[in-house]
Amino acid sequence: MSDLIYQGRPVRFNNTIKMVEAPPGIEGEGFFVTKLSEVVGMGRKNSLWPLPFATSCCGIEFMATMASHYDLARFGSERVGFSPRQCDLLMVMGTIAKKMGPVLRQVYLQMAEPRWVIAVGACASSGGIFDTYSVLQGIDQVIPVDVYVPGCPPRPEAILDGFMKIQDLVGNESIRRRNSPQYKALLGEYGIQ
Amino acid sequence: MSLSYERIQEKLNEKFGAETLQWETLYDILTVTAPRELNLKILQFLYDDEEMGFRFLTDICAVHYPDNEGAELAVVYHVHNLVQNVRLRLKVYAPVAAPDVYTATSVFPGANWMERETYDFFGVNFVGHPKLKRILNVDEMDYFPLRKEYPLEDQTRIDKDDEMFGRGGSYN
């Protein structure tokens, strides 16, 4: 890649492009055999489309994460969507009040499988510093959560770390998981069919 | 000629009677305490009178004094004369058994949401309010959270360490 020529001159910048590693498999003339879950996982994890459910201060840290310095687009989430119908990853960032709980649940229900949830910050994970009558003490009281990112607010590097853990989960997930009885039982605990 | 605190005191005393009103200056703002039936009349007078001209309602809030028998809930109105830049505070007291106060929405449409918030947190019933229901808390809440008998903390947590809250163990 470093011997690219553009308009007669060698390319000096942006000439080391990182490619995602192919999963282990058997290769041959014109074919490559690997597990479906590996390929599907690889595809999904490198193109997660997040839904930023940014409520308060953690949302500002998320804005910093999406900006150029800590670029989240490097990890494949170039396109953040604000419609749950089009997104895989629900990033809940900020304090969720008890009045907001049903709204959050509705947004989660509108997402299509496979879907993941990341709780960014102390307030989304456990109510944070706001142990009061009006704040939901952790979003896992209304929706199932996959990764919790602690911090108040977490630094962008911490949010990226949480995102990478989600990528690990996505890459290693079995493709039968969403139909399995354990998953259905998990959703049943939250009253979701 | 700018509006002075003496002038406000004079005019309100002559209109409503000096025995019914109590005056003090708290935190640099003149405060008048009135019987609760008169709150709407006083606000209307302060609004309509050309010299008074208190046409801007800054805030309505309430305070719960559990030790004040018969006058536990104080409803506090902050009005502002934008032309002369003069502020005035009006306090009315209501007992917690019958916390009815006339609504100020006929004078100030902006009082609508402020009174809903005061109702939501203290249970002050504003008589004549077009839509007195909870505004900031969950609709199903059955108590008034900012009254002093209710704790701030969420009661459903089971994993709290009392030491961190300054009670139990080495603090008592």
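The paragraphs below set out a description of the structure included in this document.

Calculation notes
- Residue indices begin from 1 for each chain and proceed along its sequence in written order.
- In the order they appear in the text, chains get letters beginning with A and ligands get numbers beginning with 1.
- Selection of residues for local features in this predicted model requires a pLDDT of at least 70, selection of side-chain atom pairs for listing and counting requires 80 or more, and totals for whole chains, interfaces and linings are taken over all residues.
- Comment: elements are numbered from the N terminus, with helices defined as DSSP H or I runs of at least four residues and strands as E runs of at least two.
- As a rule, residues whose C-beta atom has 12 or fewer other C-beta atoms within 10 Å are exposed, those with 20 or more are buried, and those in between are partly exposed; C-beta atoms are placed from the backbone.
- Whether two residues are in contact depends on their C-beta atoms, placed from the backbone: they are in contact if these lie within 7 Å.
- Here, any two strands with at least 2 DSSP bridges between them count as paired.
- The convention used is that axes are lines fitted to C-alpha atoms, helices contributing only their stretch in contact, and that angles between N-to-C directions extend from 0 to 180 degrees.
- Under this scheme an angle from 65 to 115 degrees is roughly perpendicular, one under 35 degrees roughly parallel, and one over 145 degrees roughly antiparallel; angles in between are oblique.
- Crossing handedness follows the turn of the near helix against the far one: under a right angle anticlockwise gives a left-handed crossing, and clockwise gives a right-handed one.
- Residue polarity follows a fixed list, in which Ala, Val, Leu, Ile, Met, Phe, Trp, Tyr, Cys and Pro are nonpolar, Asp, Glu, Lys and Arg are charged, and the others, Gly among them, are polar.
- One nonpolar core equals one set of buried Ala, Val, Leu, Ile, Met, Phe, Trp, Tyr and Cys residues connected by C-beta atoms within 7 Å.

### What about the overall build of chain B?
A count of helices and strands for chain B gives three helices and seven strands. Start at the N end of chain B and walk to the C end: the helices and strands fall as α-β-β-α-β-β-β-β-α-β. Counting only C-alpha atoms, chain B reaches 60 × 40 × 30 Å along its principal axes. Across the 172 residues that make up chain B, the buried fraction comes to 23%. Long-range pairs, those at least 24 residues apart, make up 50% of the contacts in chain B with a sequence separation of at least 6.

### Concerning the overall build of chain A
When helices and strands are tallied, chain A shows six helices and eight strands. With respect to the three principal axes, the spread of C-alpha positions in chain A is 65 × 40 × 25 Å. Residue pairs in contact within chain A that sit at least 24 positions apart in sequence constitute 74% of those at least 6 positions apart.

### Some thoughts on the sheet that holds strand β5 (residues 86-94) of chain B
Pairing between the strands of a sheet comes from backbone hydrogen bonds, and it takes one of two forms, parallel or antiparallel. Residue and element names in this part refer to chain B. Across the sheet, which stays open at both edges, the five strands sit in the order β1-β2-β5-β4-β3 with mixed pairing between neighbours. Taken across any chain shown, the strands that pair with only one partner, and hence form the sheet edges, are β1 (22-26) and β3 (56-64). In this sheet, neighbouring strand axes are inclined to one another by 25° on average, regardless of whether the strands run parallel or antiparallel. Direction of pairing for strand β2 (residues 29-34) relative to β5: parallel, over a ladder of five bridges. Along β5, the bridge assignment pairs Leu 30 with Leu 88.

### Remarks on the packing of helix α1 (residues 36-45) of chain A against helix α5 (residues 156-172) of chain A
Residues and elements named next belong to chain A. For the pair α1 and α5, interaxial distance at closest approach is 7 Å and the crossing angle is 155°. Put simply, α1 runs roughly antiparallel to α5. Here α1 runs over α5; the crossing is right-handed. Along the contact surface, α1 presents Gly 41, Met 42, Arg 44 and Lys 45, while α5 presents Gln 167, Val 170, Gly 171 and Asn 172. Along the lines of polarity and charge, the residues of the contact of α1 with α5 split into two nonpolar, four polar and two charged.

### Structural notes on the nonpolar core
Looking at soluble globular proteins, one finds that nonpolar side chains tend to be buried together. One finds A:Leu90, A:Met91, A:Val92, A:Ile118 and A:Val120 to be the most contacted residues of the largest nonpolar core, which totals 36 residues. Contributing elements (two or more residues each) for this core: β5 (50-54), α2 (57-66), β6 (89-93), α3 (101-110), β7 (116-120), α4 (122-126), β8 (147-149) and α5 of chain A. Other than its neighbours up to four places away in sequence, A:Leu90 contacts A:Leu51, A:Phe53, A:Val107, A:Tyr108, A:Met111, A:Arg115 and A:Val117. Membership of the second largest hydrophobic core comes to 31 residues, among which are B:Val32, B:Leu43, B:Phe54 and B:Ile60.

### Concerning the packing of α2(A) against α5(A)
Residue and element names in this part refer to chain A. Interhelical geometry of α2 versus α5 gives an angle of 80° and a closest axis separation of 9 Å. Considering the angle they form, α2 stands roughly perpendicular to α5. Facing α2, whose interface residues are Glu 61, Phe 62, Ala 64 and Thr 65, α5 presents Pro 156, Ile 159 and Leu 160.

### Quick word on the sheet that holds β7(A)
Residues and elements named next belong to chain A. Pairing is parallel across the open sheet formed by four strands, whose spatial order is β5-β6-β7-β8. In this open sheet, the two edge strands, each paired with only one partner strand, are β5 and β8. Within this sheet the neighbouring strands show an average axis-to-axis angle of 20°, counted without direction. Here three bridges tie β7 to β8, and the two strands are oriented parallel to one another. Within β8, the residue paired with Ile 118 across the bridge is Val 147.

### Some thoughts on the environment of A:Val117
All names here are of chain A. Positionally, Val 117 belongs in strand β7. The buried category is assigned to Val 117, around which 23 C-beta atoms lie within 10 Å. Put simply, Val 117 and Lys 35 are 82 residues apart on the chain and 25 Å apart in space, counted from C-alpha to C-alpha. Sequence-distant contacts of Val 117, defined by excluding residues within four places in its chain, comprise Leu 90, Val 92, Tyr 108, Ile 143, Pro 144, Val 145 and Asp 146.

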